[in-house]
Structures are given as structure tokens and as C-alpha cells.
Amino acid sequence: AERIYRYQLAYPERPVMLVGHSGGGGMAIYTAEKLVGSNIQGVLLLNAAISKDYRLMRALRRSDCGIVNYYSPLDMVVRLGTLVAGTMDSRYSESAGSVGFEVPTTLPPEYDSLYQIGWSQEMIESFYIGNHLTSSSADYIEKYVAPLVMASEWDQAYVDQVKAGKGQAALRSARWYH
């Protein structure tokens, strides 16, 4: 977090996006929470090994666009791994990377900027078969992740287009593009 803060002081016009896969998803959340005096553009979590009921309010407050959680119930590495070895937040439970985050019943306003993209069969065309390793397939990243990294703003309609695999087209037509 300190390194990001110094970077933002040196390059205030450059956006910062945190992307974390597996245990790195927990680290991305913790880093966002620790930012003081600055915000980041957004946080993207790929099969994050953090508990499904982890409260995201602090991280959401530090992220201008929000948090996008990519999850897959077919990812047995993160699904079983967090039940046996524990999540990054020391829970022995299902993770947000396998079932998505549970949204609190009394929805804090910060949760308006939590977006979740679950695995679907259409993603197989991008060589993501729902498991732990193929979530980093170049085709999948290009189609489902990069459009969020490249956009300056997110809203539900934009994230829905990315979720439908139309992120590149949506990005080209968006008014907010880096």
C-alpha cells in the first residue's frame, strides 16, 4: 500500500488497478484496505481465496470503480483448498473465488460497486473451463478481464456486457477509455 501511495504521488494521472488471483485476491483486498490518503481505480479478483462472507466495505471505499469478483464452482483448487488449508483471512470455508461473495442482507451503500462474474459455459470458447489454472488463459483475460482494466469507469450495464463476453465491443463504444 505504501509503494502504491508513493507511485501515485509521483504519477498522479496514472490509474492503479489491483488484480489478484487465488491467494493474491486476498492480498489485493488487504492492500486496498491499507491505502491511506489515496484511492485506486479498482480491484479485480480471479478465483480469490478469501472467505465468501468477508466484509469488503473498507476495500470498496478505496476503489473508485469498485471490485469485480470472478468465481467458479468448478475451481476445485480454491474450493477444496480453502476448506482444507483455509482462506487468506484464516477461515475454513468456501471462498468467494468458488461461490462468490455473500452480500450482507442490510446492504451497505459501498456494495453497490461490488460486481460478480460467475463462470459460464460460454467462457470455454476463451479456453477458461472453470478451473484454477485456465482462469489466466490469454483469450479469457482479453475478453473478460482486460475490458475492465482499460475502462476508466464501471457501472452495472458495462460489467454486464463484460460478463456476456462483449467487453471489447463495449470498451470501444465507452466514453471512458484510458
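These figures come from a predicted structure and were not determined experimentally.

About the criteria used
Residues numbered from 1 in each chain as written. Predicted model: local features only at pLDDT ≥ 70, side-chain atom pairs only at ≥ 80, totals over all residues. Heavy atoms only, no water. Pairing = 2+ DSSP bridges. Helix = DSSP H or I, 4+ residues; strand = E, 2+ residues; numbered from the N terminus. Axes fitted to C-alpha atoms, helices over the stretch in contact; angles between N-to-C directions. Buried < 20%, exposed > 50% of the residue type's maximum accessible area, 1.4 Å probe, protein only. Contact = heavy atoms within 4.5 Å. Arc of directions from axis to C-beta.

Can you help me understand the sheet that holds strand S2 (residues 42–46) in this one?
Reading across from one edge, S1-S2-S3-S4 is the order of the 4 strands in this open sheet, with parallel pairing throughout. The sheet is open, and its two borders are formed by strand S1 (17–21) and strand S4 (114–118), each paired with just one other strand. Adjacent strand axes in the sheet meet at a mean angle of 15°, parallel and antiparallel pairs treated alike. Sheet topology note: the S2/strand S3 (residues 67–71) ladder contains 4 bridges and is parallel.

Please clarify how the side chain of Asn69 should be interpreted in this entry.
Its place among the elements puts Asn69 in strand S3. Here Asn69 falls in the buried class, since its relative accessible area comes to 0%. Beyond its immediate sequence surroundings of up to four residues, Asn69 is in contact with Leu45, Ala48, Ala96, Gly100, Phe101, Tyr115, Gln116 and Ile117.

Looking at this structure, I do not really get helix H7 (residues 156–163). What am I missing?
Helical geometry: 3.6 residues make up each α-helical turn, so side chains three or four residues apart lie on a common side. Taken together, the buried positions of H7 are occupied by Tyr158, Val159 and Val162. The arc that holds every buried residue of H7, seen down its axis, measures 95°, which confines them to one face. The secondary structure elements touched by the buried residues of H7 are S4, helix H6 (138–150) and helix H8 (167–173). Phi turns positive, to about 80°, at Gly165, one or two residues after H7.

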